[in-house]
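Architecture and fold: a report
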Amino acid sequence: MFPRETKWNISFAGCGFLGVYHIGVASCLREHAPFLVANATHIYGASAGALTATALVTGACLGDLEQLEQ
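We now turn to the structure provided with this report. Since this is a predicted model, take the numbers as computed values, not measurements. (Residues numbered from 1 in each chain as written. Predicted model: local features only at pLDDT ≥ 70, side-chain atom pairs only at ≥ 80, totals over all residues. Heavy atoms only, no water.)

**Re the overall build of the protein chain**
This is how it is decided: Working definition: helices are DSSP H or I runs of at least four residues, strands are E runs of at least two. Numbering for both runs from the N terminus. The cut-offs for exposure are 20% and 50% of the maximum accessible area for each residue type, with area from a 1.4 Å probe on protein chains only; residues under the lower value are buried, those over the upper are exposed, and the others partly exposed. Working definition of accessibility: Shrake-Rupley area with a 1.4 Å probe, residue cover restricted to the visible protein chains.
From N to C terminus, the protein chain includes 4 helices and 2 strands. Listing each helix as α and each strand as β along the protein chain from the N terminus yields β-α-α-β-α-α. Looking at the protein chain as a whole, 30% of its 70 residues qualify as buried. When the accessible surface of the protein chain is split by element, carbon and sulfur atoms take 60% of a total near 4500 Å².

**Topic: a nonpolar patch on the surface**
Filter applied, for reference: Grouping into patches uses exposed residues only, defined as over 30% relative accessible area, and leaves out salt-bridged ones; the cut-off is 9 Å for like charges and 5 Å for nonpolar side chains (Val, Leu, Ile, Met, Phe, Trp, Tyr). Any Lys or Arg side-chain nitrogen located within 4 Å of an Asp or Glu carboxyl oxygen qualifies as a salt bridge.
A cluster of nonpolar side chains, Phe-17, Leu-18, Val-20 and Tyr-21, forms an exposed patch at the surface whose accessible area comes to about 460 Å². Locating Val-20 in the fold gives a position in helix α1 (residues 19-32). Residue classification places Val-20 among the partly exposed residues on the basis of a relative accessible area of 32%.

**Considering the nonpolar core**
Stated precisely, the cut-off is as follows: Take the buried Ala, Val, Leu, Ile, Met, Phe, Trp, Tyr and Cys residues and link them wherever side-chain atoms come within 4.5 Å; each set so joined is a nonpolar core.
In this structure, Ile-10, Phe-12 and Leu-36 are the most contacted members of the largest nonpolar core, which totals 15 residues. Only β1 (9-12), α1, α2 (34-38) and α3 (48-58) provide two or more residues apiece to this core.

**As for the packing of α1 against α3**
The condition is simple: Only the contacting stretch of a helix is used when fitting its axis, a line to C-alpha atoms as for every element, and angles between N-to-C directions run 0 to 180 degrees. Throughout this description, any angle smaller than 35 degrees is read as roughly parallel, any larger than 145 degrees as roughly antiparallel, any in the 65 to 115 degree range as roughly perpendicular, and the remainder as oblique. The handedness criterion is simple: a crossing whose near helix is rotated anticlockwise from the far helix by less than a right angle is left-handed, and one whose near helix is rotated clockwise is right-handed. Pairs of residues are marked as contacts when any of their non-hydrogen atoms sit within 4.5 Å.
Packing of α1 against α3 brings their axes to within 9 Å, and their N-to-C directions diverge by 20°. As far as their axial angle goes, α3 and α1 are roughly parallel. Of the two possible hands of crossing, α1 and α3 adopt the one that is right-handed. Listed contacts from α3 to Gly-19, His-22, Ile-23, Ala-26 and Arg-30 of α1 are Ala-48, Gly-49, Thr-52, Ala-55 and Leu-56.

Given below as structure tokens:
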């Protein structure tokens with residue numbers, strides 16, 4: 001189990017058309033491990049990863065983001 005008292009960051013790399021994989025990871029984090037998102041010190045992203053990171057931070061619907069990337 002991941003120690004909840006430690007500090008961590010989440011980073012999504014730039015990946016162009018593979019951004020849909022980032023959306024899947026963000027959905028999984030939000031659904032199965034919300035404490036990782038809630039307790040992250042920083043959430044970063046570049047290019048398509050920045051879109052996913054922004055949606056994750058703001059609570060936007062990740063399904064809508066998937067439509068934008070296709």
